[in-house]
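So you can see what is in the structure, the chains are spelled out below.
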Amino acid sequence: MNRLSTGRVLTERQATAINLLASGCSAPEGASAMGVSSAAFRSLLSRAADSLGCRSHAGHLVHTAHLHGLLPLQGIPPSPVSLDPDEWRALRAHSRGVPLSRTLWPQSMSGRRLSDLNQRLLGTLRARTVAQAVHRAWTNGLHRLPADAAREELDGPGLARIFDALLGGREHSRLDRQAARALLNAAPFMETAALIDRAFTEEAVRHLAQHHGIRQFMDIGCGLSAPSGTNVHDIARAVCPDARVVYVDNSYHVVATGRALLRCAPPGKTAICHADLSDPGGILTAAEVIGTLDLRSPIGLLLNGVLEFLPDTAHGPAHGLAEALKSALPSGSALAVRHITSDFQPVALSSALRVLARAGIPAQWRSRGEVEDFFRGWNLLAPGVVPAHRWQPHVIAAELPGAAVMSWAGIAIKP
């Protein structure tokens, strides 16, 4: 049995069926390999898709299985693969389970040309089927977007843009608004809760700069600029004009937008880099981090609204990845974590989890105890790990109903 971050279970037979798809088997071949009828094989895949919270489209099923860490990346030696722009778009469509005829192709591309494109993609990746093409793309590292990824990311909903829509921003598309509405249908309190969570980030930076002398901040999973116009570097510099800030995000669109906004920032004091929390070493050795921050002096590490989008099954335990970052920081550094939980509203947050999974965004809500474990070995500041709004009572004075709470939050100092 494979227990997923959605709380559902993928059986061994369902996992075997997905592996056969990824290896290039057709439905009849997979059925024969498992000794079942084609109808029974398709039923296994359908139930697997339901457990993974994705479409039963073969490409999307394999892609989502990879997001959950259920398929090995070994077995096919990586080889140099170059895809042209149309092949990239076709690969992205298959990974999201979207028919090529429904993607944003030029009007002149006929059904015949789309079919030819699909065959060309399979040939480039040396794959027999769409599912195998998606699997080989992962094996070759092609699930990481190409140079024009900031544009291609807009072909589907994005996490940062969905939350921008919830916060009342303007950096989002129709697809992002649709996903945001789906989240609100599942959990109507998420709009208010997102505003509360953003307020915690602002309060954490202000508190650490004013009361603990933190002059350097690393904001991982920074997302898009706050619609209010008040960002980490603005808050930190209001306390200390010489404060240095590095923003980190794994979205090319976020990084491209951030670089444009930071053109007016003082040189050498603010930067944004493309990196992923699943690779702590890549973050710590990024040119923007090394060129902006002094890793020998205390740093405020902000992991707000990012750890929950790193399921334990995808890249190893999230706590281990956080520890790798914590261990690299000197004494006096600070850690701020704000993490979505289902402790307060389990039914609604479970539905929200499935909405995100259908959008291709894996997530894992964690309990209070699991969030407290991220601070292990560091000294928690009062009031400890509490609902996010309890950390900024002067920002949000009114006591909020439990239905508006979806996150645990806390701040700790390294001894």
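Provided above is the structure to which this section pertains.
A brief report on the enclosed structure follows. None of the values given here were measured: they were computed from a predicted structure.

As a further point, take the overall build of the chain. In terms of regular secondary structure, the chain is built from 19 helices and 10 strands. Burial status across the chain gives 55% buried among its 415 residues. A separation threshold of at least 6 residues defines the contact pool for the chain, and within that pool the share at least 24 residues apart is 72%. Surface summary for the chain: the accessible area is close to 17500 Å², and the carbon and sulfur share equals 53%.

This next bit is on the nonpolar core. Across soluble globular proteins, you tend to see nonpolar side chains buried next to one another. Formed by 36 residues in total, the largest nonpolar core has its most connected members in I18, F41, L45, L61, V62 and L91. Among the secondary structure elements, those contributing two or more residues to this core are α1 (12-22), α2 (27-34), α3 (38-52), α4 (58-67), α5 (85-95), α6 (111-124) and α7 (130-139). A275, L277, V289 and I299 belong to the second-largest nonpolar core, a separate cluster that totals 33 residues.

The next subject is the packing of aromatic side chains. With the rule as written, the count across this model stands at four aromatic pairs. With a centroid separation of 6.4 Å and 75° between ring planes, the pair formed by F163 and F309 is classed as edge-to-face. Placement of F163 in helix α9 (residues 159-166) and of F309 in the loop between β6 (300-304) and α16 (312-315) is noted, with a sequence separation of 146 residues between them. For the pair F163 and F309, one class covers both residues: buried. Considering the side-chain rings of F309 and W365, the 6.1 Å spacing of their centres and the 85° angle between planes classify their relative orientation as edge-to-face. Placement of F309 in the loop between β6 and α16 and of W365 in the loop between α18 (346-358) and α19 (368-373) is noted, with a sequence separation of 56 residues between them.

What counts as what
Residues numbered from 1 in each chain as written. Predicted model: local features only at pLDDT ≥ 70, side-chain atom pairs only at ≥ 80, totals over all residues. Heavy atoms only, no water. Helix = DSSP H or I, 4+ residues; strand = E, 2+ residues; numbered from the N terminus. Buried < 20%, exposed > 50% of the residue type's maximum accessible area, 1.4 Å probe, protein only. Contact = heavy atoms within 4.5 Å. Areas by Shrake-Rupley, 256 points an atom, 1.4 Å probe, with all protein chains shown as cover. Core = buried A, V, L, I, M, F, W, Y, C linked by side-chain atoms within 4.5 Å. Phe/Tyr/Trp six-rings, centres within 6.5 Å; stacked < 30°, edge-to-face > 60°.

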